[in-house]
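# Descriptive structure summary
Listed here are the chains, written in short residue letters.
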Amino acid sequence: SAGILLDECRQSWQSKLPAIVENYCAALLRHEGIGSLLGLLPPAEFGASKDHMLQHLQHLSRPDLDLAGHRARATKNGLFHAACGLEEVWLLEAVEQLRDNLAKVLVGPGQGDRRALAVVLQRLSAERQWQLQSMRQLQRRRVALLARLNALAWSAEGYLELIQGAVDILVSHQEISACAV
(Lines give C-alpha, C1' and ligand atoms only; values in the text may rest on other atoms or scores of the structure.)
Protein backbone atom coordinates (compact mmCIF):
# COMPACT_ATOMS: atom_id res chain seq x y z
CA SER A 1 0.00 0.00 0.00
CA ALA A 2 1.02 3.65 -0.43
CA GLY A 3 1.23 4.11 3.33
CA ILE A 4 3.75 1.32 3.75
CA LEU A 5 5.88 2.60 0.86
CA LEU A 6 5.88 6.12 2.25
CA ASP A 7 6.63 4.94 5.74
CA GLU A 8 9.70 3.06 4.50
CA CYS A 9 11.07 6.08 2.59
CA ARG A 10 10.00 8.90 4.84
CA GLN A 11 12.88 8.64 7.30
CA SER A 12 15.57 8.75 4.63
CA TRP A 13 13.78 11.66 2.94
CA GLN A 14 13.60 13.84 6.07
CA SER A 15 17.28 14.79 5.94
CA LYS A 16 16.97 15.73 2.24
CA LEU A 17 13.90 17.96 2.52
CA PRO A 18 15.66 21.09 3.88
CA ALA A 19 17.98 21.16 0.85
CA ILE A 20 14.99 20.72 -1.47
CA VAL A 21 13.27 23.68 0.20
CA GLU A 22 16.41 25.85 -0.07
CA ASN A 23 16.86 25.06 -3.76
CA TYR A 24 13.17 25.52 -4.46
CA CYS A 25 12.97 28.87 -2.69
CA ALA A 26 16.12 30.06 -4.47
CA ALA A 27 14.49 29.13 -7.80
CA LEU A 28 11.31 30.96 -6.81
CA LEU A 29 13.31 34.10 -6.03
CA ARG A 30 14.79 33.96 -9.54
CA HIS A 31 11.30 33.65 -11.08
CA GLU A 32 10.28 36.98 -12.58
CA GLY A 33 6.76 37.06 -11.14
CA ILE A 34 7.03 35.01 -7.97
CA GLY A 35 10.38 36.56 -7.10
CA SER A 36 8.84 40.02 -7.20
CA LEU A 37 6.17 38.92 -4.69
CA LEU A 38 8.61 37.10 -2.41
CA GLY A 39 11.01 40.04 -2.59
CA LEU A 40 8.44 42.12 -0.74
CA LEU A 41 8.66 39.89 2.33
CA PRO A 42 10.91 40.86 5.23
CA PRO A 43 13.67 38.27 5.83
CA ALA A 44 11.91 36.85 8.90
CA GLU A 45 8.69 36.31 6.91
CA PHE A 46 10.58 34.70 4.05
CA GLY A 47 12.24 32.38 6.58
CA ALA A 48 8.82 31.54 7.99
CA SER A 49 7.59 30.69 4.49
CA LYS A 50 10.55 28.32 4.08
CA ASP A 51 9.66 26.65 7.38
CA HIS A 52 6.06 26.37 6.20
CA MET A 53 7.25 24.77 2.93
CA LEU A 54 9.34 22.24 4.85
CA GLN A 55 6.36 21.33 7.03
CA HIS A 56 4.25 21.08 3.90
CA LEU A 57 6.64 18.60 2.25
CA GLN A 58 6.76 16.56 5.45
CA HIS A 59 2.98 16.58 5.45
CA LEU A 60 2.80 15.41 1.81
CA SER A 61 4.98 12.41 2.59
CA ARG A 62 2.93 11.28 5.58
CA PRO A 63 1.63 7.75 5.20
CA ASP A 64 -1.64 8.68 6.92
CA LEU A 65 -2.40 11.81 4.91
CA ASP A 66 -6.13 12.50 5.09
CA LEU A 67 -7.57 13.28 1.64
CA ALA A 68 -10.29 15.62 2.90
CA GLY A 69 -7.83 17.52 5.08
CA HIS A 70 -5.32 17.67 2.23
CA ARG A 71 -7.94 19.10 -0.10
CA ALA A 72 -9.12 21.66 2.45
CA ARG A 73 -5.54 22.80 3.06
CA ALA A 74 -4.84 23.05 -0.68
CA THR A 75 -8.03 25.05 -1.23
CA LYS A 76 -7.06 27.45 1.54
CA ASN A 77 -3.55 27.81 0.11
CA GLY A 78 -4.96 28.48 -3.35
CA LEU A 79 -7.15 31.27 -2.00
CA PHE A 80 -4.17 32.71 -0.15
CA HIS A 81 -1.98 32.57 -3.27
CA ALA A 82 -4.64 34.27 -5.38
CA ALA A 83 -5.21 36.96 -2.76
CA CYS A 84 -1.47 37.66 -2.72
CA GLY A 85 -1.44 38.19 -6.49
CA LEU A 86 0.01 34.88 -7.62
CA GLU A 87 -0.93 34.20 -11.23
CA GLU A 88 -2.20 30.75 -12.21
CA VAL A 89 0.64 30.23 -14.65
CA TRP A 90 3.15 31.07 -11.91
CA LEU A 91 1.58 28.44 -9.67
CA LEU A 92 1.90 25.88 -12.45
CA GLU A 93 5.55 26.81 -13.00
CA ALA A 94 6.30 26.70 -9.28
CA VAL A 95 4.72 23.28 -8.81
CA GLU A 96 6.64 21.96 -11.82
CA GLN A 97 9.86 23.29 -10.29
CA LEU A 98 9.04 21.56 -7.01
CA ARG A 99 8.23 18.31 -8.82
CA ASP A 100 11.60 18.45 -10.58
CA ASN A 101 13.45 19.13 -7.32
CA LEU A 102 11.67 16.28 -5.53
CA ALA A 103 12.30 13.86 -8.39
CA LYS A 104 16.02 14.69 -8.56
CA VAL A 105 16.70 14.42 -4.85
CA LEU A 106 14.29 11.81 -3.53
CA VAL A 107 14.50 9.12 -6.17
CA GLY A 108 16.47 6.24 -4.74
CA PRO A 109 17.93 3.08 -6.17
CA GLY A 110 15.03 0.84 -5.17
CA GLN A 111 11.69 0.32 -6.84
CA GLY A 112 9.97 1.15 -3.56
CA ASP A 113 11.57 4.61 -3.53
CA ARG A 114 10.25 5.34 -7.00
CA ARG A 115 6.75 4.20 -6.13
CA ALA A 116 6.74 6.22 -2.92
CA LEU A 117 7.97 9.26 -4.85
CA ALA A 118 5.18 8.68 -7.37
CA VAL A 119 2.65 8.82 -4.52
CA VAL A 120 4.06 12.15 -3.29
CA LEU A 121 4.09 13.56 -6.83
CA GLN A 122 0.52 12.39 -7.33
CA ARG A 123 -0.49 14.17 -4.13
CA LEU A 124 1.30 17.29 -5.33
CA SER A 125 -0.58 17.14 -8.65
CA ALA A 126 -3.92 16.80 -6.88
CA GLU A 127 -2.99 19.72 -4.67
CA ARG A 128 -2.12 21.83 -7.70
CA GLN A 129 -5.56 21.14 -9.17
CA TRP A 130 -7.33 22.02 -5.93
CA GLN A 131 -5.34 25.22 -5.62
CA LEU A 132 -6.16 26.19 -9.20
CA GLN A 133 -9.85 25.51 -8.59
CA SER A 134 -9.88 27.75 -5.53
CA MET A 135 -7.94 30.48 -7.36
CA ARG A 136 -10.48 30.38 -10.19
CA GLN A 137 -13.36 30.40 -7.72
CA LEU A 138 -11.93 33.53 -6.11
CA GLN A 139 -11.58 35.14 -9.52
CA ARG A 140 -15.25 34.41 -10.28
CA ARG A 141 -16.22 35.97 -6.94
CA ARG A 142 -14.15 39.05 -7.79
CA VAL A 143 -15.91 39.39 -11.14
CA ALA A 144 -19.30 39.02 -9.44
CA LEU A 145 -18.29 41.65 -6.88
CA LEU A 146 -17.38 44.09 -9.65
CA ALA A 147 -20.68 43.39 -11.39
CA ARG A 148 -22.60 44.12 -8.18
CA LEU A 149 -20.65 47.37 -7.69
CA ASN A 150 -21.30 48.36 -11.30
CA ALA A 151 -25.02 47.68 -10.96
CA LEU A 152 -25.08 49.70 -7.74
CA ALA A 153 -23.27 52.60 -9.40
CA TRP A 154 -25.99 52.78 -12.04
CA SER A 155 -28.93 52.31 -9.69
CA ALA A 156 -28.00 54.32 -6.58
CA GLU A 157 -30.08 57.45 -6.14
CA GLY A 158 -27.50 59.38 -4.18
CA TYR A 159 -23.99 59.35 -2.78
CA LEU A 160 -25.05 58.06 0.59
CA GLU A 161 -26.85 55.08 -0.96
CA LEU A 162 -23.86 54.47 -3.24
CA ILE A 163 -21.34 54.60 -0.41
CA GLN A 164 -23.41 52.45 1.96
CA GLY A 165 -24.16 49.94 -0.80
CA ALA A 166 -20.49 49.74 -1.79
CA VAL A 167 -19.46 49.17 1.83
CA ASP A 168 -22.12 46.46 2.24
CA ILE A 169 -21.00 44.73 -0.95
CA LEU A 170 -17.32 44.88 -0.01
CA VAL A 171 -17.93 43.63 3.53
CA SER A 172 -19.79 40.63 2.14
CA HIS A 173 -16.78 39.60 0.04
CA GLN A 174 -14.70 36.90 1.76
CA GLU A 175 -11.35 38.16 0.49
CA ILE A 176 -11.91 41.69 1.77
CA SER A 177 -13.24 40.42 5.08
CA ALA A 178 -10.09 38.32 5.50
CA CYS A 179 -7.90 41.38 4.90
CA ALA A 180 -9.75 43.31 7.59
CA VAL A 181 -9.00 40.74 10.29
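Shown above is the structure to which this text applies.
Everything numeric in this text was worked out from a predicted model, so none of it was measured. Throughout, residues of each chain are indexed from 1 in the direction in which the sequence is written. Selection of residues for local features in this predicted model requires a pLDDT of at least 70, selection of side-chain atom pairs for listing and counting requires 80 or more, and totals for whole chains, interfaces and linings are taken over all residues. As a rule here, side-chain values come from all non-hydrogen atoms in the structure, and water together with hydrogens is ignored.

### Description of the nonpolar core
Core analysis: the biggest nonpolar cluster contains 34 residues, and Trp13, Ile20, Leu57, Leu98 and Leu102 have the highest contact counts within it. Strands here mean DSSP runs of E at least two residues long; helices mean DSSP runs of H or I at least four residues long; both are numbered from the N terminus. Going through the elements one at a time, α1 (2–14), α2 (17–30), α3 (32–38), α4 (43–60), α5 (67–83), α6 (88–106) and α7 (111–155) are the ones with two or more residues in this core. A total of nine residues in this core trace back to one element, the largest contributor, which is α7. The contact definition used throughout considers only heavy atoms, calling two residues in contact when any of these lie within 4.5 Å. Excluding its chain neighbours within four sequence positions, the residues that come into contact with Ile20 are Leu57, Leu98, Asn101, Leu102, Val105 and Leu106. Among buried residues, those of type Ala, Val, Leu, Ile, Met, Phe, Trp, Tyr and Cys that are joined through side-chain atoms within 4.5 Å constitute a nonpolar core. Here the term buried applies to any residue with accessible area under 20% of the maximum for its type, exposed to any over 50%, and partly exposed to those in between, with areas from a 1.4 Å probe on protein chains only.

### A word on the pattern of salt bridges
Opposite charge on two side chains makes pairing possible when the charged atoms of those side chains draw close. Put simply, a salt bridge is a Lys or Arg side-chain nitrogen that is within 4 Å of an Asp or Glu carboxyl oxygen. Inspection of every chain in the model, using the stated rule, returns three salt bridges. In this structure, Asp64 and Arg62 form a salt bridge, with 3.0 Å as the shortest nitrogen-oxygen distance. Here Asp64 falls in the exposed class, since its relative accessible area comes to 52%. Between Arg136 and Glu88 there is a salt bridge, and its shortest N-O distance comes to 3.0 Å. Here Glu88 lies in helix α6 and Arg136 lies in helix α7, a separation of 48 residues in the sequence. Among the residues examined, Arg136 registers a relative accessible area of 36% and is labelled partly exposed.

### Some points on the state of the cysteines
Criterion for a disulfide: a pair of cysteine sulfur atoms within 2.5 Å. Within the structure shown, the criterion is met by zero disulfides. Cys25 takes part in no disulfide bond, and the closest cysteine sulfur, belonging to Cys84, lies 15 Å away. Residue class for Cys84 comes out partly exposed when judged on its relative accessible area of 41%.

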